[in-house]
Amino acid sequence: MVIIDVVNKTIVITGSSKGIGREIALKLLNEGANVIVNYYKSDPSTLNVFKGFPCHKLLLCKADITNEEEVLEMCNKISKKFGSIDVLINNAGIISDSPILEMTNDQWRSVLETNLTGMFICSKIVAKYMVNNQQGKIINIASLKGQSGSENQANYSTSKGGVISLTKSMAIELGKYNILVNALCPGFISTDMNKNIEFKSYAAQKASVLKYHDSLYDLINFVIFMVSDSFSSISGQVFNLDSRIKV
Ligand code: NAP
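As recorded in an unreviewed UniProt entry, the protein chain goes by SDR family NAD(P)-dependent oxidoreductase and comes from Robertmurraya kyonggiensis. Here is the UniProt Sequence similarities (unreviewed entry) comment for the protein chain, exactly as written: "Belongs to the short-chain dehydrogenases/reductases (SDR) family."

Structure below.
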């Protein structure tokens, strides 16, 4: 029998005030994990959804993941409260879409800064705690677009391609400390990130080989499995969580 148990594991999820991160956080809390909900620009009222969970299982942390000082401060708070960090889920991300001929340097830089540099900063800082414990897991949320490229999203798809490469490099370097590093490439999931690009949902649905296409449920369960001790010797891999043959 496969045991999927995440009780009392301490898990940091960057960008978990809404969207995919929030759904992962809620599931992990319901399964008995200690969860650090990281957010940045969200109004604190959006975090009311976490109110019902006991204080000793939950830490709400405002921190800009691109700011090393703020990430260090967040990790100090986590360490004081929970003692260690078992899993880092690098989920925070943004888009700033534009045709490449019109894309400003600021649009390019801001997306690369959050999606890739922010992930590097969080991973570097959290990995030091994991090295001390000689164990840990880092789960990076990439995207299929990091493999395929994407129209009007050169900044985004490049950042996600970088995430895949960063994942493999970290897996190579951190494996000797028993730290597993893997990337997940979800399919289209309707969130605030893509709420203004309705047609993409339709296109994603049409491209799926399945009649119904909703990969959020599977993504969450996949993450729970990866967090559990049943997932113990796979690293440096990229998992496509989708039902489309062509992106
Ligand atoms: P979302 O609903 O827009 O949520 C993004 C989250 O990232 C928010 O919680 C936001 O926090 C946080 N964030 C942004 N910048 C941050 C920063 N500098 N510091 C800390 N947190 C920051 O997006 P989503 O759709 O759930 O996407 C989550 C991840 O999945 C992203 O990496 C995205 O690229 C990836 N993904 C999404 C899809 C999809 O179809 N939705 C598909 C493939 C991959 P605040 O609001 O508090 O700033």
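Q: So what's going on with the packing of aromatic side chains? Residues and values would help.
A: Centre distance and the angle of the planes are the two values used to describe a pair of aromatic rings. Evaluation of the coordinates by the stated rule reveals three aromatic pairs. Counting every residue linked through ring pairs, the aromatic cluster contains F222, F225, F231 and F239.

Q: Let's hear about the site of the ligand: which residues, and what values?
A: Around the ligand, the surrounding shell holds 32 residues, and the nearest of these are S17, I20, N91, Y156 and T191. Note that an oxygen atom of the ligand is positioned 2.8 Å from one of the backbone N or O atoms of S42. One of the backbone nitrogen or oxygen atoms of N91 is found 2.7 Å away from an oxygen atom of the ligand. In the complex, 94% of the free accessible area of the ligand, which totals 900 Å², lies under the protein chains. Those elements that place two or more of their residues in the shell around the ligand are α1 (19-30), β2 (34-39) and α5 (154-174). Along the lines of polarity and charge, the residues of the shell around the ligand split into 14 nonpolar, 13 polar and five charged.

Q: Which residues make up the pattern of salt bridges, and what values go with them?
A: Under the criterion given, the structure shown has six salt bridges. Among the ionic pairs, R244 bridges to D242, the shortest N-O distance being 2.7 Å. Note on R244: relative accessible area 17%, which makes it buried. A relative accessible area of 24% means that D242 is categorised as partly exposed.

Conventions and cut-offs
Residues numbered from 1 in each chain as written. Predicted model: local features only at pLDDT ≥ 70, side-chain atom pairs only at ≥ 80, totals over all residues. Heavy atoms only, no water. UniProt positions renumbered as here; feature names shortened; annotations may be inferred. Phe/Tyr/Trp six-rings, centres within 6.5 Å; stacked < 30°, edge-to-face > 60°. Near = heavy atom within 4 Å. Polar contact = N/O pair within 3.5 Å; in protein donor to acceptor, adjacent residues only side chain to side chain. Areas by Shrake-Rupley, 256 points an atom, 1.4 Å probe, with all protein chains shown as cover. Helix = DSSP H or I, 4+ residues; strand = E, 2+ residues; numbered from the N terminus. Nonpolar A, V, L, I, M, F, W, Y, C, P; charged D, E, K, R; others polar. Salt bridge = Lys/Arg side-chain N within 4 Å of Asp/Glu carboxyl O. Buried < 20%, exposed > 50% of the residue type's maximum accessible area, 1.4 Å probe, protein only.

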